[in-house]
Amino acid sequence: MQSIADAFTLALQLVLSGNADLFEIVALSLRVSLTATFLACLCGLPLGAFMAISRFPGRGILLVLMNALMGLPPVVVGLLVYLHLSRSGPLGFLGLLYTPTAMIIAQTILIAPIIAALSRQVLEDLHMEYAEQFRSLCLNQWQTVTALLWDARYSLLTVGLAGFGRAVAEVGAVIIVGGNIDHLTRVMTTAIALETSKGDLALALALGLLLLTIALGVNAAVQSLRMSARRQAYV
Amino acid sequence: MSSLGTIAFTPNAIPQAAAPNLMPLRVRDLGLSFEGEAVLSGVNLDLGPHGCTAIMGPNGAGKSLLLKLLHGLISPTTGEINWGGQTAAAAMARQALVFQKPVLLRRSVAANIDFVLRAKGRPRSLCNALLDHVGLAQKARQPARLLSGGEAQRLALARALATEPDVLFLDEATASLDPASILSIETIVRDACARGVRVICVTHDIGQARRLADDVVFLQGGRIAEHSAARDFFSAPQTTAARDYLNGRLVL
């Protein structure tokens, strides 16, 4: 068992040496989580916007459900996707199990409710401000939704960030549907879990450091964008 | 905006409003209640096709509610509103409302106008003419929400005019603005009126009503207490409430 200090030193050496395996894992993690975030935004933002401006019977129940789904356990999502994609499952013929695509599907399902629920709140607040003006302008639903999405763009970046954070940090779903196969479906979180169980703390720590750096970098980029938007009163 | 002189009216750039065929307005027995409590009742009103009507009255008299009812933003509890044969909801598309507190999109000044032009299917090339018209051409690229109160209201007015309305509603559009800003807004409104747009404004500003209005509707306690030509209203108000209001006495 290495000491933590040794592990940190090794981790830094791995990062600084540009270890190919390490960066392959990081690249796959980013590819999977960014794609999942993009797809979740494609589904979640319009759904959130629709829920923000619509009033219909049962809306309250739907909102409770949407909010509850934010807490979906990743392993449950992983299991459900696994059951669908396994050879005997309804989508088994696609042969997607243990591929990055399966991981993207699982993460999309995991974070789409987060994007939808958070964007609904952001857009509903904005709509309260705009609603009377928009009604006066006789805007249709499509014009209203697109205007709200555009005007809330900087706030929605934070919503996207929350989704990305959840995706890139989860391990339960991707390990079930991806299988943590070396050079194929191994991402940062699954690699950290594996290397820790093997006692190879250096690689685990190196990945952990990179994961933290990526999280910090993305947060800083979004925060600086929001600050620039705030200066122009666009937030 | 330092003076009226900077407002360049460009009559050829902005299409003239067609003679308003939403008029005349006929309101019969209009009433509005919230939780059983009447806030407007027995409102009967006839307005002709041209000019500017000021709706005046003390706070809580129902002026803004009447304006929103006429525009179709809220539905009456009783009675009917008839805009040249159309309901208020049907006529709304050919009307525009400028609110007391302008609701500006989180975009540039020009993008605020462009948004309305696109939504209404009007030529986007009108944007510059409209900004010129309200004296905001120099600020086209600035964020709209960083404009001063007077500039923001002029932008809201330009946006309303971008819809090419037959009827323009102003809900205390100059409240809390400085005199120069008030004057510039009034000039734009007078121009619109001269081009055939029917203007109906709610105002507490007696001076403004004198300058702009052709007729005055005086509301008190949710009812029309008086409706007369502006000259008559200001020289010889018919009701005690209107007389007290004009003399600055407390009207409850």
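Along each chain, the written sequence defines residue order, and numbers are assigned to residues from 1. Whichever chain is written first becomes A and whichever ligand is written first becomes 1, with later ones labelled in order. Thresholds applied to this predicted model are a pLDDT of at least 70 for local features of residues and 80 or more for the giving and counting of side-chain atom pairs; totals over whole chains, interfaces and linings are not thresholded and use all residues.

Residues and elements named next belong to chain B. Spatial ordering of the open sheet is given by β5-β6-β7-β3-β8-β9, a layout of 6 strands whose pairing is mixed. Taken across any chain shown, the strands that pair with only one partner, and hence form the sheet edges, are β5 (95–98) and β9 (223–229). Going from strand to strand, the sheet's axes swing by 15° on average, the running direction of each strand aside. A pair of strands counts as paired when DSSP detects no fewer than two bridges linking them. Labels follow the DSSP assignment, with helices taken as runs of H or I lasting at least four residues and strands as runs of E lasting at least two, numbered in each case from the N terminus. Pairing analysis gives 4 bridges linking strand β3 (residues 52–56) to strand β8 (residues 215–220), with the strands arranged parallel. For Met-56, the partnering residue across the bridge sits in β8 and is Phe-218. Contacts are defined on C-beta atoms placed from the backbone: any two residues whose C-beta positions lie within 7 Å are in contact. Axes, fitted as lines to C-alpha atoms, cover a helix only where it is in contact. Angles between the N-to-C directions of the axes lie from 0 to 180 degrees. Here helix α1 (residues 63–71) sits on the sheet and contacts β3, β5, β6 (167–171), β7 (198–202) and β8; the angle it forms with β7, its principal contact strand, is near 150°.

In this section: the sheet that holds strand β1 (residues 25–34) of chain B. All names here are of chain B. Taken together, 3 strands build an open sheet; the order of strands is β2-β1-β4 and the sheet is antiparallel. Edge strands, defined here as strands with exactly one partner in the open sheet, are β2 (37–47) and β4 (78–83). Across the sheet, the mean angle from the axis of one strand to that of its neighbour is 20°, orientation sign disregarded. Sheet topology note: the β1/β2 ladder contains 7 bridges and is antiparallel. Note on β2: the bridge partner recorded for Ser-33 is Ala-38. On the sheet, α1 packs against β1, β2 and β4 and is oriented at approximately 60° with respect to β2.

Moving on, we come to the confidence of the model for chain B. Residues and elements named next belong to chain B. The pLDDT value expresses, per residue, how confident the predictor is, ranging between 0 and 100. In this model, chain B carries a mean pLDDT of 90, and residues with pLDDT of at least 70 account for 90%. Between residues 1–13, whose pLDDT stays under 50, and residues either more than four places distant or in other chains, the model counts 28 contacts. Quick note on the complex model: pTM equals 0.85, ipTM equals 0.86.

On the side of chain A, 15 residues touch chain B, which itself brings 17 residues to the contact. Put simply, the parts of the chain that give the side of chain B that touches chain A at least two residues each are β5 and α3 (109–119) of chain B. Per-element accounting of the side of chain B that touches chain A gives the leading share, 3 residues, to α3 of chain B. Lys, Arg, Asp and Glu make up the charged group, whereas Ala, Val, Leu, Ile, Met, Phe, Trp, Tyr, Cys and Pro make up the nonpolar group; the residues left over, Gly among them, are polar. For the side of chain B that touches chain A, the residue count by class is 13 nonpolar, 2 polar and 2 charged.

Residue and element names in this part refer to chain A. At a closest axis distance of 10 Å, the pairing of helix α7 (residues 153–169) and helix α10 (residues 201–231) adopts a crossing angle of 175°. Taken as axis vectors, α7 and α10 run roughly antiparallel relative to one another. Residue-level inspection shows Tyr-154, Leu-157, Thr-158, Leu-161, Phe-164, Gly-165 and Val-168 of α7 in contact with α10, the latter providing Ile-214, Ala-215, Val-218, Asn-219, Val-222, Leu-225, Arg-226 and Ala-229. Angles are sorted into four bins: roughly parallel if under 35 degrees, roughly antiparallel if over 145, roughly perpendicular if 65 to 115, and oblique for all others.

Looking now at α3 of chain B. Buried within α3 of chain B we find Val-109, Ala-110, Asn-112, Ile-113, Asp-114, Phe-115 and Val-116 of chain B. Check the buried side of α3 of chain B and you find it contacts α6 (141–151) of chain A together with α4 (126–133) and α5 (149–162) of chain B. Just beyond α3 of chain B, the residue with positive phi is Gly-121 of chain B, at close to 65°. Our exposure labels follow a C-beta count within 10 Å of each residue's own C-beta, placed from the backbone: buried means 20 or more other C-beta atoms, exposed means 12 or fewer, and partly exposed covers the counts in between.

Attention shifts here to the packing of helix α5 (residues 100–136) of chain A against α6 of chain A. All names here are of chain A. As a packed pair, α5 and α6 sit with axes 10 Å apart at the nearest point and diverge in direction by 130°. With respect to each other, α5 and α6 are oriented oblique. The two elements α5 and α6 meet at a crossing, and its hand is right-handed. Residues Leu-123, Leu-126, His-127 and Phe-134 of α5 form the contact with α6, whose participating residues are Thr-144, Leu-148 and Asp-151. Here is the rule for handedness: rotate from the far helix to the near one, and if that takes an anticlockwise turn smaller than a right angle the crossing is left-handed, while a clockwise turn gives right-handed.

Residue and element names in this part refer to chain B. Turn length for the β1-β2 hairpin, with the two strands adjacent in sequence and antiparallel, is 2 residues, and the turn residue Glu-35 shows positive phi of about 50°. The pairing of β1 with β4 spans 5 bridges and is classified as antiparallel. Across the sheet, Gly-31 pairs through a bridge with Thr-78, a residue of β4.

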